[in-house]
Amino acid sequence: MIRTASRTTALAAASAAALGLTLTLAASGPAAAHPRTGPAASAVRPDAGGRHTAAEIHRFLTAFYGHHGPSDDAREHQVSAYLKDRAAHTEGYDLLLCAQNVPREITVGKVTTAQSAGVGWATVTTVWGGGGRDSFTAYVGLDSHPIELQDVDCGR
């Protein structure tokens, strides 16, 4: 019995050592040859499950909305079919901006992700010519490849 227990302990220790060596070798591979610098490096590591991270979603939404709203190309290629259909059936305002006009400025707030729901979201704030502000929530699927805007909530 003692011999079996010590054999099991030795096997577990050898497995742990092999795993540690594998992880060390993986960390010293090609990715380690070009380390990222700066504080954002840890925020841009890909999710282990291949899902989009909060940092990726923030970059996407910032590029998607730009300074004055999404381009025609972004509306065509970076919006889910569901949202395109909703936008096509929304009269009187631009659903993707939750507005009737083109804003003077757009900012994207902090992104929150819900792994269990498979979605990330952020508050998008629009600034208007008279100084007024509006905001809405933009949603991105964590598993969408390529990344795309899944939905918006105008709060109306």
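Definitions and cut-offs
- Residues numbered from 1 in each chain as written.
- Predicted model: local features only at pLDDT ≥ 70, side-chain atom pairs only at ≥ 80, totals over all residues.
- Heavy atoms only, no water.
- Helix = DSSP H or I, 4+ residues; strand = E, 2+ residues; numbered from the N terminus.
- Buried < 20%, exposed > 50% of the residue type's maximum accessible area, 1.4 Å probe, protein only.
- Contact = heavy atoms within 4.5 Å.
- Areas by Shrake-Rupley, 256 points an atom, 1.4 Å probe, with all protein chains shown as cover.
- Pairing = 2+ DSSP bridges.
- Axes fitted to C-alpha atoms, helices over the stretch in contact; angles between N-to-C directions.
- Phe/Tyr/Trp six-rings, centres within 6.5 Å; stacked < 30°, edge-to-face > 60°.
- Salt bridge = Lys/Arg side-chain N within 4 Å of Asp/Glu carboxyl O.
- pLDDT = per-residue confidence, 0-100.

A. A look at the overall build of the protein. When its secondary structure is counted, the protein shows five helices and four strands. Listed by position from the N terminus, the elements making up the protein come as α-α-α-α-α-β-β-β-β. Looking at the protein residue by residue over its 156 residues, the buried ones come to 29%. Restricting the contact set of the protein to residue pairs at least 6 apart, pairs at least 24 apart contribute 47%. With the model as given, the accessible surface of the protein reaches about 10000 Å², and the carbon-plus-sulfur share is 57%.

B. Structural context of the sheet that holds strand S1 (residues 105-114). The strand order across the open sheet built from four strands is S1-S2-S3-S4, with neighbouring strands paired in antiparallel fashion. Only two strands of the sheet have a single neighbouring strand rather than two, namely S1 and strand S4 (149-153). Neighbour-to-neighbour, the strand axes of this sheet turn through a mean angle of 25°, independent of strand direction. Note that S1 and strand S2 (residues 119-127) share eight bridges and pair antiparallel. Of the residues in S2, the one forming a bridge with Thr113 is Gly120.

C. Main features of the packing of aromatic side chains. Applying the stated criterion to the full structure yields four aromatic pairs. A network of ring pairs unites the aromatic residues Phe60, Phe64, Tyr65 and Phe136 as a single cluster.

D. The pattern of salt bridges, seen in detail. A complete count under the given rule lists three salt bridges for this structure. Here Arg51 and Asp143 are joined by a salt bridge, their closest N and O atoms 2.9 Å apart. Remark: Asp143 occurs in the loop between strand S3 (133-141) and S4 and Arg51 occurs in the loop between helix H2 (30-33) and helix H3 (54-65); sequence separation between them is 92 residues. Its salt-bridge partner being Arg75, residue Asp94 comes within 2.5 Å of it at the nearest N-O pair. Highlighted residues: Asp94 in the loop between helix H5 (81-88) and S1 and Arg75 in helix H4 (residues 72-77), separated in sequence by 19 residues. Taking relative accessible area as the criterion, Asp94 reaches 22% and is therefore assigned partly exposed. For Arg75, a relative accessible area of 25% gives the class partly exposed.

E. Here's a closer look at unusual backbone geometry. Cis rather than trans, the peptide bond between His145 and Pro146 has omega equal to 5°. Position of Pro146 relative to the elements: it lies in the loop between S3 and S4. Within the chain, Cys98 stands out as a residue other than glycine whose phi angle is a positive 55°.

F. Structural view of the confidence of the model for the protein. Here the protein shows a mean pLDDT of 78. Residues at 70 or above account for 69%. Considering only residues more than four positions removed or in separate chains, one finds that residues 1-45, a stretch of pLDDT under 50, has nine contacts.

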